[in-house]
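# Notes for the structure review
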Protein chains: 2
Amino acid sequence: MSWLNILTDTDFTIYNFPLGVFKKDARAQPAICSALGEYVVDLDALHELGFFRDFKLPKRFFRKDSINDYIALGKNITQAIRHRLIDIFSEGKRANSASKFRYLFLHQMRDVQLLLPLNIGDYTDFYSSKEHATNVGSMFRDPDKALLPNWLHIPIGYHGRASSIIVSGTPIHRPNGQSVVHLKEPKPTFGASKRVDFELETAFVVGRNTQIGETIEAEQAEDYIFGMVLLNDWSARDIQQWESQPLGPFLGKSFATTISAWVVPMEALDPFRVPSPKQEPAVLPYLETTGWRSYDIELTASLSSQSFDNHRLSVSNTKYSYWNMCQQLAHHTSNGCSVRIGDLMASGTISAPTPAGYGSMLELSWNGTKPMLMPDGTQRTFLEGGDTVILRGFAEKKGIRVGFGECVGRLN
Amino acid sequence: MSWLNILTDTDFTIYNFPLGVFKKDARAQPAICSALGEYVVDLDALHELGFFRDFKLPKRFFRKDSINDYIALGKNITQAIRHRLIDIFSEGKRANSASKFRYLFLHQMRDVQLLLPLNIGDYTDFYSSKEHATNVGSMFRDPDKALLPNWLHIPIGYHGRASSIIVSGTPIHRPNGQSVVHLKEPKPTFGASKRVDFELETAFVVGRNTQIGETIEAEQAEDYIFGMVLLNDWSARDIQQWESQPLGPFLGKSFATTISAWVVPMEALDPFRVPSPKQEPAVLPYLETTGWRSYDIELTASLSSQSFDNHRLSVSNTKYSYWNMCQQLAHHTSNGCSVRIGDLMASGTISAPTPAGYGSMLELSWNGTKPMLMPDGTQRTFLEGGDTVILRGFAEKKGIRVGFGECVGRLN
């Protein structure tokens, strides 16, 4: 398919062309890039070489420390640039020219530094997996009334902390915080969390600004969604449990949130649309969507430690999300709340219907009551020091594969 | 005190010198400014005139659309600039020179446009008034157990929405949203909120960046606090009530949050320090502070409508806050959460111990059960269309007065 030889099982096929930001070396300036196979594609260098001349972008347009200005070009332009990239790496006159200059714009991904690709104004985390919400409700409330009365009517979500969002590969500090042995026991102690967990999530990136007072209709919401990332919503369950009433999660979450280095544009995910789960009772009219608004993206969570590698903990899928992204964005703006390019809106933990697909250790170990056996004979209920969590996500259909790479963090 | 004649009851005395951002007219570029009496002081013009020459700031340093870069100069510089302003407006050689050029850097405040003064990365809202938390707990839970078990141990807070923070004077759109008649009744409807409320708050502005994993000790926290603003945390009580379990307030808050146009630096508030309320039980060591960490700032909320003006609803005071700002910031970073210059951390509604000082209509009308009589004979439980809420705040002691101006919004 391309003059560039790439591995067949790569996430970064010629159907993908995700967006990221990289530095060639420590002293280099950051620039917007894409990926193909094991290569980073330097868009700044391609622009210098004239491959984007007809888009009339300013000189050095791609020399940026986030892709926000790229997103702001609008879908007409970014889709055209995407098609240009496909062209550059296919066959024909443009491809011939590109292949000659390959050493100027291609870098081995392992040789460069990938940076946080977004300038994130606001970060929202939804709670859109019915399976996850049911599991949590069963554990901490009542298995017979696991879902709260509002859950089937509202895509429940909360505001998260933007400052602690980091790119894949950044080390995770085990947080200190207050916790109690029993919730009703008012004798908190302060110290290192004993229940650090991961959460298997994706997030979408807002692609257009709105003004305060403006709303986005569910049926038009896709115009406002640029792409998706993998997201690990690291959670300190002991801190979270003690602090969360009545205003929700706070320091139990804000010590770190990892996203993948690559933002996959929605165009690349289009072939993988599937119908959303049936919603019963019917949602209110402002949340109604037609057509296929969900995506069949397989998500996995794996664990590495000093004595084992890549032990699969969970296999889930974005298609299980009860609320789709259009509904989430329509709801978020239904009160006139403004959104900005680069805002991140996460799915919440996406758990599959069966335990093999639970998206957090809280659920996998059922709040610590069912330890998981590891390949080295040790057990886990929550994460231990030195553990590395690797999230992966990809879609595949009729030989077309599109993925996110990895979303990795090692807990100190 | 100054060669400039200013009204004696102004908030913007020669002891204040708050920071803001203004535009001379619609086409002008925004610039950082201060205030004295009814005048805006154009710091860009003063810099051009050479009054800040010895600080070695770049040309056009003050031509910015937020004060973030000013804050980033650090307290040594910003305090010196503050003293320079006092000098410029007092007597002596520098003052003589300044008074000659007054037409170049002074503008009537009513003639210019004041803009949102901050680039706010993250916005946190605490819940630090014991009186407010007790009132809310009594209304919605159990008067005998009004405070949840964690409240006396943790400065409870939640992440708010930064994109919907607006400057004083910006009109407020009445939000749409889901609500129910009875909480357990799963028949929500979608429409305009019927219970729009204000919340009387202040907020502090973070003055120094930290890295992820870094903590701020409570005793050192003042080094990281630049100044304070007034804040109205507009709330749609019907939306908030239905959506808030289990993850906290979301769309019931994110339609608008108004802050004053002026950020008062902590140096100006120093004369008004008072001891904080006694904390019983004792707080955990990481939250301990010594000395006077609270401030005696009188806060008022007033209401105007088409048929009455400036009807006083509430008189409260920042000194009632159970948790002080040092404790809030130490807690917020205790898990390693990073903070950035310009981050806003609000107090939560500050209610006084008696009903005349309750800081929201929710409390003043006791969840709508005690309508308030207005000067025109009408009643209010929550806000009506066309109502304007005016928050004010000032400190006064031994003839020294320092205030915030107004924090105003009119509900459509």
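Quick caveat: nothing in here was measured; it's all calculated off a predicted structure.

### Structural notes on the pattern of salt bridges
- Evaluation of the coordinates by the stated rule reveals 48 salt bridges over all chains.
- Residue Arg161 of chain A is joined to Asp122 of chain B by a salt bridge in which the shortest nitrogen-to-oxygen separation is 3.5 Å. Of this pair, Arg161 of chain A sits in the loop between β7 (157-160) and β8 (165-167) while Asp122 of chain B sits in the loop between β5 (113-115) and β6 (123-126), each in a different chain. Per residue, the accessibility class of Arg161 of chain A equals that of Asp122 of chain B, and both read buried.
- Salt-bridge contacts for Glu406 of chain A lead to Arg392 of chain A; the nearest nitrogen and oxygen are separated by 2.8 Å. Here Glu406 of chain A, found in strand β25 (residues 400-410), pairs with Arg392 of chain A, found in strand β24 (residues 388-397); they are 14 residues apart in sequence, far enough to count as distant.
- What you see here is one network of salt bridges that share partners, running through Asp44, Glu48, Lys59, Arg60 and Arg63 of chain A.

### Description of the relation of the copies chain A and chain B
- By a simple turn and slide, chain A fits onto chain B: the slide is 0.0 Å along the axis, the RMSD is 0.0 Å, and the turn is 180°. Here the copies are linked by what is in effect a two-fold axis. Considering only C-alpha atoms, the residue of chain A closest to the rotation axis is Gly248 of chain A, which sits at 2.2 Å.

### Observations regarding the interface of chain A and chain B
- If you look at the interface, chain A gives 56 residues, while chain B gives 56 residues.
- In total, about 5,400 Å² of surface goes out of reach between chain A and chain B, with carbon and sulfur atoms giving 62% of it.
- Run the count over chain A and chain B and you get four salt bridges.
- Within the residue set of the side of chain A that touches chain B, elements represented by two or more residues are β6 (123-126), β7, β9 (176-179), β10 (189-192), α7 (237-243) and α9 (325-333) of chain A.
- With four residues, the single largest contributor to the side of chain A that touches chain B is β7 of chain A.
- Residues that form the side of chain A that touches chain B fall into these classes: 28 nonpolar, 22 polar and six charged.

### Side note on the packing of helix α3 (residues 75-88) of chain A against helix α4 (residues 93-100) of chain A
All names here are of chain A.
- The geometry of α3 relative to α4 is characterised by a closest axis approach of 8 Å and an angle of 75° between their N-to-C directions. Accordingly, the angle class assigned to the pair α3 and α4 is roughly perpendicular. Contacts from Arg84, Asp87 and Ile88 of α3 reach α4 at Arg94, Ala95 and Ala98.
- Counted by class, the contact of α3 with α4 contains three nonpolar, no polar and three charged residues.

### Observations concerning the environment of Phe250 of chain B
- Position of Phe250 of chain B relative to the elements: it lies in the loop between α7 (237-243) and β15 (257-259).
- For the pair Phe250 of chain B and Ile390 of chain B, spaced 140 residues apart in sequence, the C-alpha to C-alpha distance is 24 Å.

What counts and how
- Residues numbered from 1 in each chain as written.
- Chains lettered and ligands numbered in written order.
- Predicted model: local features only at pLDDT ≥ 70, side-chain atom pairs only at ≥ 80, totals over all residues.
- Heavy atoms only, no water.
- Salt bridge = Lys/Arg side-chain N within 4 Å of Asp/Glu carboxyl O.
- Helix = DSSP H or I, 4+ residues; strand = E, 2+ residues; numbered from the N terminus.
- Buried < 20%, exposed > 50% of the residue type's maximum accessible area, 1.4 Å probe, protein only.
- Least-squares fit on C-alpha atoms with pLDDT ≥ 70 in both.
- Contact = heavy atoms within 4.5 Å.
- Buried area = accessible area lost by both parts, 1.4 Å probe.
- Nonpolar A, V, L, I, M, F, W, Y, C, P; charged D, E, K, R; others polar.
- Axes fitted to C-alpha atoms, helices over the stretch in contact; angles between N-to-C directions.
- Parallel < 35°, antiparallel > 145°, perpendicular 65-115°, else oblique.

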